[in-house]
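Structure at a glance
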Amino acid sequence: MSEKVGVYICHCGTNIAGVVDVEEVAKWAGENLEDVAVSREYKFMCSSLGQELIEDDIKNEGLTRVVVAACSPHLHEKTFRRACSNAGLNPYLCQMASIREQVSWVVEDNEAATEKAKAMIAGAVNRVKLHEELEPNLVPVNPNTLVVGGGIAGIQASLELADAGYPVYLVEREPSIGGHMAQFDKTFPTLDCAACILTPKMSDVGAHPNINMLTYCEVEEVSGYVGSFNVRIKKKAKYVDEEKCTGCGICIEKCPKKVLDNVFEVGMGYRKSIDRPFPQAVPNIPVIDTESCTYFQRGKCKACEIFCPTGAIDFEQQDSYLDLDVGNIILTTGYDLFDCKAMPQYGYGRLANVFTSLEFERMCNASGPTEGKIVLRDGVTEPKSVVIIHCVGSRDENHNPYCSAICCMSALKFGHLVMEKTDAEVTSCYIDIRTTQKGYEEFYNRLLEEGMNFIRGKVAEVTDAARLPGEEDKLIVQVEDTLLGIQRRIPVDMVILMAALEPRADAKDVGLQFGISCSMEGWFTERHPKLDPVATMTDGIFIAGAAQGPKDIPATISQGAAAAARVQGMISVGEVSIEPVVATIHEENCSGCRICNTLCPFNAIEYLEDKEVSYINAALCKGCGTCVAACPAQAITGAHYSNEQIFAEIEGLLYDVISGNGAKAPRVEREPVPA
């Protein structure tokens, strides 16, 4: 029985029609391609009117197959499948030909582009006639959600879900939630106290009945699929019984050992061997650092145990494991700061009074090591002149080519704080000032009015080698002023480096653990940068905040809430539809060689010991075809991508479209592939 195929070609405004002769292609397809009953072109096929055109033809013309030649299937395949479904046609009997991305955007010659579009449509028509009806699988969704990372994005996502009545497990590797925001002094452009707006949210998380906060913990293993993930959490020993500890702080007070705090205070201050990261920490439970604790190093001391009024200190405590079942996972693991020592020309680590942006944040903070006083490394001297260097490690082909998004506004904030707390003259050396969000340009103008100096130019060097009068005992900033066209040497007391935001050092390992990919730089990759920025290519795994790319606090909070909304929608429905375009292993042909097990990028294939064959979990399979191509026995087939369908499409692509004989070309007879 022959099929009735409808072909629909989109102008996409002028994206396609500006290069491809759409009217000619539509006419050619209707006259030359076998089994094509309808061939139409429309300006915007993805519009409601374009979809209605397809639906009406399916109902009125009795179409059994649909081909849409438009943009990438990644963008609109669901749109056209839905149109087919609305008209009563199985959605998987629709095929798209990407004549925008693969033709009009890459072929400059109009005639060649038109002929290539014809070839692609011929291939799609050939292929769609061999499509089979498929039905999506429905799986229930566990209402529990795992949020990995306790920064502001993770906090927001957790609260959104918990307030909606759903259980949340919030995992944070540090002893307290809060992330980098807890280290900041003020936030731009309103100069709100970071602690004042963050601490209430942290307290809400700690007190929320629907949030199980797992601090000082790490995710060890992840398995399962959307709606039903199994996660193993490693709970690192705190050597403090959380049930008994009241957070009184006596153990911290009595501990005789002080060590440099390279984590929260970034080397600017000290902490005890038993301590909490900061006074407002949530939970307010101290943790013993075994690497510096006298008892763990020499078997002596135990001052904290002796003085603890509730007997909460437990030196015998061991790491433990917790197994969780969750339906969805949100990754909010944040960012690392660029190591400014990688740019030795700026003198960080060599010249005492060169500070990183995070070091300066801690210095400005009232609860920081200097109690908010802006001083040089000696801890006493107030600077009389300060230079802020932008884009340290950002917009630099030798380090990170991207813009770190927050540096310009942070530099403006630092300039304000320096001038507010000291009499210092502040100079900002920038490449471009980028103040793109609400209230940001106004903040920039405010700093101009306050007297902050701006030099457009990339700093070449920071040195202490004096050459001119007035440079003795100063840091000299060598910079080209591109607006004046001159080289300048600026002697100053303090230099602040606006360090780049970088992906977490273990981001790629975390991505592999959760089955998601990273960009070349190491940021987690979203499903679509514009239309789906918080979802990933692995169903049920969402990303938010600076784990996805550099962004400021408002954008981070927005993404945390967006990811929570996506999860909440899935939970409220109660079940999720899983794409049926998956691979299948035919057990009668499987030799049990396990080659496919090791190659599957989604860990969807397991070996059944009792049957000595491999098995594909359809809920985990993404239909990538790796196993199909690798199986030496050809025991694996891919739904929607059978050999017959692929060869039919290739034959269509090779039709003689110029002469118009393509539709009449005989099919190539092939020898059957042995099982």
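Residues numbered from 1 in each chain as written. Predicted model: local features only at pLDDT ≥ 70, side-chain atom pairs only at ≥ 80, totals over all residues. Heavy atoms only, no water.

Our focus in this paragraph is the packing of helix H6 (residues 152–163) against helix H7 (residues 194–207). Contact geometry of H6 with H7 gives a least axis separation of 10 Å together with a crossing angle of 50°. The orientation of H6 with respect to H7, classified from their angle, is oblique. Once H6 is placed against H7, the crossing between them reads as left-handed. Facing H6, whose interface residues are Ile152, Ile155, Gln156 and Leu159, H7 presents Leu198, Lys201, Met202, Asp204 and Val205. For the contact of H6 with H7, the residue count by class is 6 nonpolar, 1 polar and 2 charged. (Axes fitted to C-alpha atoms, helices over the stretch in contact; angles between N-to-C directions. Helix = DSSP H or I, 4+ residues; strand = E, 2+ residues; numbered from the N terminus. Parallel < 35°, antiparallel > 145°, perpendicular 65-115°, else oblique. Left-handed = near helix turned anticlockwise from the far one by under 90°. Contact = heavy atoms within 4.5 Å. Nonpolar A, V, L, I, M, F, W, Y, C, P; charged D, E, K, R; others polar.)

If you trace the 3 strands from one edge of the open sheet to the other, you get S11-S12-S17, paired in antiparallel fashion. Each edge of the sheet is formed by a strand with only one pairing partner; in this case those strands are strand S11 (217–225) and strand S17 (320–326). Shown here is a sheet whose adjacent strand axes are inclined to one another by a mean of 20°, direction ignored. Pairing geometry for strand S12 (residues 228–235) and S17, over 7 bridges, is antiparallel. Across the sheet, residue Lys235 finds its bridge partner in S17, namely Ser320. (Pairing = 2+ DSSP bridges.)

Before going further, it helps to spend a moment on the domain arrangement of the chain. The assigned domain composition of the chain is domain 1 (5–134), domain 2 (138–236 + 319–334 + 504–578), domain 3 (238–317), domain 4 (338–502) and domain 5 (583–639). On a C-alpha basis, the centres of domain 1 and domain 4 stand 55 Å from each other. (Domains from an automatic or database assignment.)

A few words now on the packing of helix H1 (residues 22–32) against helix H5 (residues 110–128). Two elements in contact, H1 and H5, have axes whose closest approach is 10 Å; the angle formed by their N-to-C orientations is 40°. Of the two elements, H1 crosses H5, and the hand of that crossing is right-handed. Of the residues in H5, those touching H1 at Glu24, Val25, Trp28 and Ala29 are Thr114, Glu115, Ala117, Lys118, Ile121 and Ala122.

Moving on, we come to the pairing of strand S2 (residues 36–42). As paired elements, strand S1 (residues 5–10) and S2 share 6 bridges and run parallel to each other. Residue pairing across strands places Val5 opposite Val36, the latter belonging to S2.

Turning to the pattern of salt bridges, a few remarks are in order. Pairing between side chains becomes possible if they bear opposite charge and their charged atoms approach one another. Here the structure, examined in full by the defined rule, presents 33 salt bridges. Across the salt bridge formed by Arg271 and Asp289, the nearest N and O atoms sit 3.0 Å from each other. Of this pair, Arg271 sits in strand S14 (residues 269–272) while Asp289 sits in the loop between strand S16 (287–288) and helix H9 (294–298); the two residues are 18 residues apart in sequence, bridging distant segments of the chain. Given a relative accessible area of 22%, Arg271 falls into the partly exposed group. A salt bridge links Glu305 to Lys302, with the nearest nitrogen and oxygen atoms 3.9 Å apart. By relative accessible area, Glu305 is classed as partly exposed at 33%. When salt bridges that share partners are traced, they join Arg527, Asp532, Asp539, Arg566 and Lys622 into one network. (Salt bridge = Lys/Arg side-chain N within 4 Å of Asp/Glu carboxyl O. Buried < 20%, exposed > 50% of the residue type's maximum accessible area, 1.4 Å probe, protein only.)

The next point concerns H5. In this model H5 runs 27 Å from its N-terminal to its C-terminal C-alpha over 19 residues, within 8% of the 27 Å that 1.5 Å per residue would give. Counted residue by residue, H5 has 15 buried out of 19 residues, so it is predominantly covered. For H5, the N-terminal capping position is held by Asp109, with its side-chain oxygen 3.2 Å away from the main-chain nitrogen of Glu111. (Expected span 1.5 Å × (residues − 1). Polar contact = N/O pair within 3.5 Å; in protein donor to acceptor, adjacent residues only side chain to side chain.)

Moving on, we come to unusual backbone geometry. The peptide bond linking Phe188 to Pro189 adopts the cis configuration, its omega dihedral lying at -5°. In this structure, Pro189 sits in the loop between strand S8 (186–187) and strand S9 (192–193). Along the chain, Val282 connects to Pro283 via a cis peptide bond; the corresponding omega equals 0°. Mapping Pro283 onto the fold places it in the loop between strand S15 (274–275) and S16. A positive phi angle is found at Val266, which is not glycine, with a value near 45°.

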